[in-house]
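Observations on chain architecture
Chain by chain, the residues run as shown.
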Amino acid sequence: MNNQLTPKSYNYSFLIFLLFVLVTLANYYIYVGFAIKPYMIFLILFLTVHIGSFYFQRLHLFEMAMLLFYMMYSLSGSFALYPASSIRIICGIILYIFCYFIMKSVIGNAKDLVIERAIADAGILFNVASLTLYFVGLKSLGFVFEGDRVYQFGVLLDRDYPRLIGLVQDPNFFVFYNTLFFSYFLCNSNSLKNKLGLLLCIIANLLTFSRGGILIMAFLVLIYIVINNPMKQLKLIVGLTVSLLVSVYITIVYLHFDIFGILQSRVGDLSQDGGSGRLELWGRAWDYFTSHMFFGIGAFNFSDYNFFQYGTSLLVHNTFLEILSESGLLGITCFCLFILLVFVEIYQMKLIKKKPYLFLTFVGFILQMAFLSVIINDMFFMYLAILATYFHKEKYSLKSEKKKASFLSAIISSKPKIKLNVNYGRSDGNHEYSSHNR
């Protein structure tokens, strides 16, 4: 595949970069019962202007399973005790899927190099902007960390912990949004730019003080080392460790910000806070499932049930249990089928070797879904659009190679064969050259 950038490609590169940046602005939206995000407005305007260039790509198997899941999940709203909540999430699902297909069409016109350059540039901007907002927030607080659910620029004071939220609303979701960038920089750390991007991702993720998120990022590094030559990654690990230690030293000594002490305290709280109350929520979700096993309590109804019974409108903080409780066995079966087909197609297209960052990103997303509620999410849909684009290109490339091979085979088989019939016997002197012997 030709990945050389032309002048037209540079213009399109900025368009893709802008789209990726707008997706990261999760904390900025217009609320109309559901959130209208900046990238949604951008995509709708783009479709209006370039409607002639829009094309609907053939669906992959995982996309069919995804649509089936959302159909079944929405159908569970028919049995909901709180139909208004179900209608809201259904409208949100329709909007997200509509934007997904526009996004897929936009990304589908870009070359691999354009997409990956946009990921790198957007990742660096996302982390730099988030870290800047975080330190501005710390300064405005006077580096006094007292309070709970206090938001200040890019900081959230959560039970006296100064947690980074940057451009998103929640420190745990910040790690989720950063997973694509982290995985890309990790798998493409051959340039100084990508090394810097990886260091920024690590620092920003650490400052979220998200126990599950940090653990999953460490697990992704371990997987990357395993699927590659461990000895070749030794230099990268040593370099990152030294850079990280220097950054932490500067933070502790010059900014008087004890990041290690806060991390240690967060880990110590795990035995007391039950994972920030997640264990109780998971138990309630399981109880709702056992009483509504097949169709669930209805799409997006858990928070209403929880508010009625316990006085707090919280989500489950576990995507699998949330789907199980709200759409029952029918919904969770379709969701697991969707996940399985993504892994199957990643394996079939050999992306674990060709594009390992796409594999690591999906693994990171699935693991984080055990701690987050991600029924619909901007970054997840953007990732799926990028993944579908690579699948489409790989399948097109394979078909082209097969056609070329069959064409060459047909040419070889159709070449005329020269047959010489020469008789060396004495009884018959008539052969192809007999006229020259007379």
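Residues numbered from 1 in each chain as written. Predicted model: local features only at pLDDT ≥ 70, side-chain atom pairs only at ≥ 80, totals over all residues. Heavy atoms only, no water.

Re the overall build of the protein
Counting its regular elements, the protein contains 16 helices and five strands. For the protein, with 438 residues in total, the buried portion stands at 48%. Restricting to contacts in the protein with at least 6 residues of sequence separation, those with at least 24 account for 75%. Carbon together with sulfur atoms contributes 67% to the accessible area of the protein, which is approximately 22200 Å² in total. (Helix = DSSP H or I, 4+ residues; strand = E, 2+ residues; numbered from the N terminus. Buried < 20%, exposed > 50% of the residue type's maximum accessible area, 1.4 Å probe, protein only. Contact = heavy atoms within 4.5 Å. Areas by Shrake-Rupley, 256 points an atom, 1.4 Å probe, with all protein chains shown as cover.)

Thoughts on the pairing of strand E4 (residues 155-158)
Of the two faces of E4, the one holding Val155 and Leu157 and the one holding Leu156 and Asp158 are both buried throughout. Bridge count between strand E3 (residues 150-152) and E4: three bridges; the pairing is antiparallel. Bridging from a neighbouring strand, Tyr151 pairs with Leu156 of E4. Counting the residues that bridge the hairpin from E4 to strand E5 (residues 161-164) gives two residues, and of these Arg159 lies at a positive phi of roughly 55°. (Pairing = 2+ DSSP bridges.)

Notes on the packing of aromatic side chains
The geometry of an aromatic ring pair is captured by the separation of the ring centres together with the interplanar angle, meaning the angle of the planes. Evaluated as defined, the whole model comprises 32 aromatic pairs. Judged by centre distance (5.1 Å) and plane angle (90°), the ring pair of Tyr184 and Tyr357 falls under edge-to-face. Note that Tyr184 is positioned in helix H6 (residues 171-187) and Tyr357 in helix H15 (residues 356-368), a separation of 173 residues in sequence. Grouping residues by exposure puts Tyr184 and Tyr357 together as buried. Here Tyr288 and Phe302 contribute two aromatic rings whose centre-to-centre distance is 5.6 Å and whose plane-to-plane angle is 65°, an arrangement assigned as edge-to-face. Of this pair, Tyr288 sits in helix H11 (residues 278-291) while Phe302 sits in helix H12 (residues 302-310), and the two are 14 residues apart along the sequence. (Phe/Tyr/Trp six-rings, centres within 6.5 Å; stacked < 30°, edge-to-face > 60°.)

A word on the confidence of the model for the protein
Residues at a pLDDT of 70 or more form 81% of the protein, whose mean pLDDT is 84. Here residues 424-438 is a poorly scored stretch, pLDDT under 50, and it has six contacts once near neighbours within four places are set aside; other chains count. (pLDDT = per-residue confidence, 0-100.)

What about the sheet that holds E4?
Spatial ordering of the open sheet is given by E3-E4-E5, a layout of three strands whose pairing is antiparallel. In the strand order of this sheet, the two ends are held by E3 and E5, each with one partner. Neighbour-to-neighbour, the strand axes of this sheet turn through a mean angle of 25°, independent of strand direction. Running over the sheet, helix H5 (residues 112-140) touches E3, E4 and E5 and is turned about 155° from E5. (Axes fitted to C-alpha atoms, helices over the stretch in contact; angles between N-to-C directions.)

Re the packing of helix H8 (residues 211-227) against H15
Contact geometry of H8 with H15 gives a least axis separation of 10 Å together with a crossing angle of 145°. Relative to H15, H8 is oriented so that their crossing is right-handed. Each of Ile216, Met217, Phe219, Leu220, Ile223, Tyr224 and Ile227 in H8 lies in contact with H15, whose residues at this interface are Pro356, Phe359, Leu360, Val363, Gly364, Leu367 and Gln368. Looking at the contact of H8 with H15, its residues break down into twelve nonpolar, two polar and no charged. (Left-handed = near helix turned anticlockwise from the far one by under 90°. Nonpolar A, V, L, I, M, F, W, Y, C, P; charged D, E, K, R; others polar.)

What about the layout of surface pockets?
Its volume calculated, the largest pocket comes out at about 1100 Å³. Along its surface, the largest pocket is lined by 31 residues, and Gln169, Phe173, Phe300, Leu315 and Ser373 are the ones closest to its centre. Those elements giving two or more residues to the lining of the largest pocket turn out to be helix H4 (83-108) and H6. A class-by-class count of the residues in the lining of the largest pocket yields 17 nonpolar, nine polar and five charged. (1 Å grid on protein atoms, 1.4 Å probe; cavity = no way out; pocket = protein on both sides within 12 Å on 5 of 7 lines; lining within 4 Å. Points joined across faces, edges and corners; volume = space filled by probe spheres on them.)

Overview of H6
The terminal C-alpha atoms of H6, which comprises 17 residues, lie 24 Å apart, in line with the 24 Å expected from a rise of 1.5 Å per residue. Of all the bends in H6, the greatest, near 45°, is centred on Asn178. Of all 17 residues that make up H6, 16 are buried, and the element is covered over most of its length. Its side-chain oxygen 2.8 Å from the backbone nitrogen of Asn172, Asp170 forms the N-cap of H6. (Expected span 1.5 Å × (residues − 1). Bend = angle between axes of the 7 residues up to and from the residue. Polar contact = N/O pair within 3.5 Å; in protein donor to acceptor, adjacent residues only side chain to side chain.)

A few points about the packing of helix H3 (residues 61-75) against helix H13 (residues 319-348)
Running from N to C, H3 and H13 cross one another at 175°; their axes reach a closest spacing of 8 Å. When the axes of H3 and H13 are compared, the pair comes out roughly antiparallel. Across the interface between the two elements, Leu61, Phe62, Ala65, Met66, Leu68, Phe69, Met72 and Tyr73 from H3 touch Ile323, Glu326, Ser327, Leu330, Gly331, Cys334, Phe335, Leu337, Phe338, Leu341, Val342 and Glu345 from H13. Of the residues in the contact of H3 with H13, the class split is 16 nonpolar, two polar and two charged. (Parallel < 35°, antiparallel > 145°, perpendicular 65-115°, else oblique.)

Some details on the pairing of E5
Covered by surrounding structure in E5 are Tyr161 and Arg163 together with Pro162 and Leu164, the residues of both alternating faces. Here four bridges tie E4 to E5, and the two strands are oriented antiparallel to one another. Along E5, the bridge assignment pairs Leu156 with Arg163.

Here we look at a nonpolar patch on the surface
Nonpolar side chains collect at one region of the surface, where Leu75, Phe79, Met293, Phe294, Phe295, Leu329 and Leu330 lie side by side and expose about 640 Å² of accessible area between them. Of note, Phe79 is situated in the loop between H3 and H4. (Patch = residues over 30% accessible without salt bridge, like charges linked within 9 Å, V, L, I, M, F, W, Y side chains within 5 Å. Salt bridge = Lys/Arg side-chain N within 4 Å of Asp/Glu carboxyl O.)

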